[in-house]
Amino acid sequence: MQYHVAGQSHRGAVRESNQDVVDWRINHAGDQALLVVADGMGGHQGGEVASRLAVDAVIESLEPAIAGASSDTTNDAIQEDLERAFALANERIVSRRSGDRKLEKMGTTLVVAWVSGNQAHIAHVGDSRCYSLRDSEAVCLTRDDTVVQNMLEDGSITEADVPNVPFRNVLTRAVGAVEQAAPSYRCDTLEQGDVLLLCSDGLTDSVPEYRWLEILKESDGMERTVQALIDAGLANEAGDNVSVVLLTLEY
């Protein structure tokens, strides 16, 4: 079994700064991988600070965990480790915010995938997403923590209405915005050739999912695929920062 990982973050076609942060790790044994995407909020400085604090906290918390993990590590243990990492990220942001009035509105989305063997353990808060790309289908494995998602689910609006909702990107949950931010969690089994894609809303808002699958087939190698996805967002004048991390699984 072998993982291939690539990622990139770009400020997009409009924004003057990049408040997204991406990172990833693969352990020495090559059987555990960690992928992270965060999209900060709270103004130019606040967003950058929050997303960096969150990603650094996750790496600090989970890098030793994936180093010591094995095929015997239970799903419950991994979920608990993920929850501790989110708690640390939340604590770091709340603490930093309390000491600086300029940062009082900062927070961040956070999506983390811990791949152990062929199991993808996904935890998230906010509207940065994780997808499984398999054959000709892109399946979203996360649920947006947004006002518009709540409206879709209660029938107030339809998918066709979403682009016209002025507050469609307003979050209902964010790391650092509350005293506790317990992540949503799920576990999925990956198959040979599957691609796991983590992204910020800069990609989902600028490039339709069917185009991701086309790009995946057209591109040669993970790095070129990531670059092509970013380029597609820029070509469509992405109004937000665009961030992507990809993982493929090969036996």
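Owing to the predicted nature of the structure, the values given are computational and were not obtained by experimental measurement. (Residues numbered from 1 in each chain as written. Predicted model: local features only at pLDDT ≥ 70, side-chain atom pairs only at ≥ 80, totals over all residues. Heavy atoms only, no water.)

A few words on the pairing of strand β10 (residues 242-250). Counted residue by residue, β10 has eight buried out of nine residues, so it is predominantly covered. Note: strand β1 (residues 2-10) against β10, nine bridges, orientation antiparallel. Pairing of Gln8 across the sheet is with Val244, part of β10. In this structure, strand β9 (residues 195-199) lies alongside β10, joined through five bridges in antiparallel fashion. Its bridge partner lying in β10, Val195 is registered against Thr248. (Buried < 20%, exposed > 50% of the residue type's maximum accessible area, 1.4 Å probe, protein only. Helix = DSSP H or I, 4+ residues; strand = E, 2+ residues; numbered from the N terminus. Pairing = 2+ DSSP bridges.)

All right, on to helix α6 (residues 222-235) then. With 14 residues, α6 should reach 20 Å at 1.5 Å per residue; the first-to-last C-alpha distance of 20 Å fits that figure. Residues Met222, Thr225, Val226, Leu229, Ile230, Ala232 and Gly233 constitute the buried set of α6. What you see down the axis of α6 is that its buried residues fit within an arc of 155°, all on one side. Exposed side chains of α6 directed beyond 90 degrees from the buried face belong to Glu223, Arg224 and Ala235. Buried residues in α6 make contact with β1, β9, α4 (201-204), α5 (209-218) and β10. Trailing α6 by a residue or two, Glu237 shows a phi angle of about 55°, which is positive. (Expected span 1.5 Å × (residues − 1). Arc of directions from axis to C-beta. Contact = heavy atoms within 4.5 Å.)

Another aspect to go through is the pattern of salt bridges. Tallying each qualifying case throughout the model produces 16 salt bridges. Ionic pairing is found between Asp145 and Arg173, a salt bridge with its closest N-O pair at 3.2 Å. Residue Asp145 is found in the loop between β7 (137-140) and α3 (147-153), and its partner Arg173 is found in the loop between α3 and β8 (184-189); the two are separated by 28 residues along the sequence. The exposure class of Arg173 is partly exposed, given its relative accessible area of 27%. Several salt bridges share partner residues, and in doing so they unite Arg143, Asp145, Glu153 and Arg173 into one network. (Salt bridge = Lys/Arg side-chain N within 4 Å of Asp/Glu carboxyl O.)

Bringing the layout of surface pockets into the picture now. Size it by volume and the largest pocket reaches roughly 580 Å³. In terms of lining residues, the largest pocket is bounded by 23 residues, among which Arg129, Asp144, Val162, Thr204 and Asp205 are the most central. Per-class residue counts for the lining of the largest pocket are nine nonpolar, five polar and nine charged. When its volume is computed, the second largest pocket comes out at roughly 370 Å³. Put simply, the parts of the chain that give the lining of the second largest pocket at least two residues each are β3 (32-41) and α4. The residue inventory of the lining of the second largest pocket, partitioned by class, reads three nonpolar, 10 polar and seven charged. (1 Å grid on protein atoms, 1.4 Å probe; cavity = no way out; pocket = protein on both sides within 12 Å on 5 of 7 lines; lining within 4 Å. Points joined across faces, edges and corners; volume = space filled by probe spheres on them. Nonpolar A, V, L, I, M, F, W, Y, C, P; charged D, E, K, R; others polar.)

Defined simply, a disulfide is a covalent bond joining two cysteines at their sulfur atoms. Throughout the structure, instances matching the rule amount to zero disulfides. With no disulfide of its own, Cys130 has Cys140 as its nearest cysteine by sulfur position, at a separation of 7.9 Å. Among the residues examined, Cys130 registers a relative accessible area of 0% and is labelled buried. Here Cys187 stays free of any disulfide, with the sulfur of Cys130 as its closest cysteine sulfur at 11 Å. (Disulfide = S-S within 2.5 Å.)

The pairing of strands in a sheet comes from backbone hydrogen bonds and takes either a parallel or an antiparallel form. Taken in spatial order, the five strands of this open sheet run β1-β10-β9-β6-β7, and their pairing is antiparallel. Single-partner strands in this sheet number two, and they are β1 and β7. Recorded for the sheet is a direction-independent mean angle of 20° between the axes of neighbouring strands. Most of the contacts of α5 go to strand β6 (residues 129-134), to which it runs at about 55°, and overall it touches β6, β7 and β9. (Axes fitted to C-alpha atoms, helices over the stretch in contact; angles between N-to-C directions.)

All right, on to the nonpolar core then. Within soluble globular proteins, side chains that are nonpolar generally end up buried alongside one another. Within the largest apolar cluster, 30 residues are counted, with the highest numbers of intra-cluster contacts made by Leu34, Val36, Leu62, Leu110, Val112 and Trp114. In terms of residue count, the dominant contributor to this core is helix α1 (residues 43-68) (10 residues). (Core = buried A, V, L, I, M, F, W, Y, C linked by side-chain atoms within 4.5 Å.)

Considering the arrangement of structural elements, one finds Asp194 in the loop between β8 and β9. Of the residues examined, Asp194 reaches a relative accessible area of 3% and is grouped as buried. Within the structure, Asp194 has its side chain in polar contact with the side chain of Arg134 (distance 2.6 Å). With residues up to four places along the chain from it excluded, the contact list for Asp194 reads Leu133, Arg134, Thr189, Leu247, Thr248 and Leu249. (Polar contact = N/O pair within 3.5 Å; in protein donor to acceptor, adjacent residues only side chain to side chain.)

Don't take any of this as a statement about function, it's just geometry.
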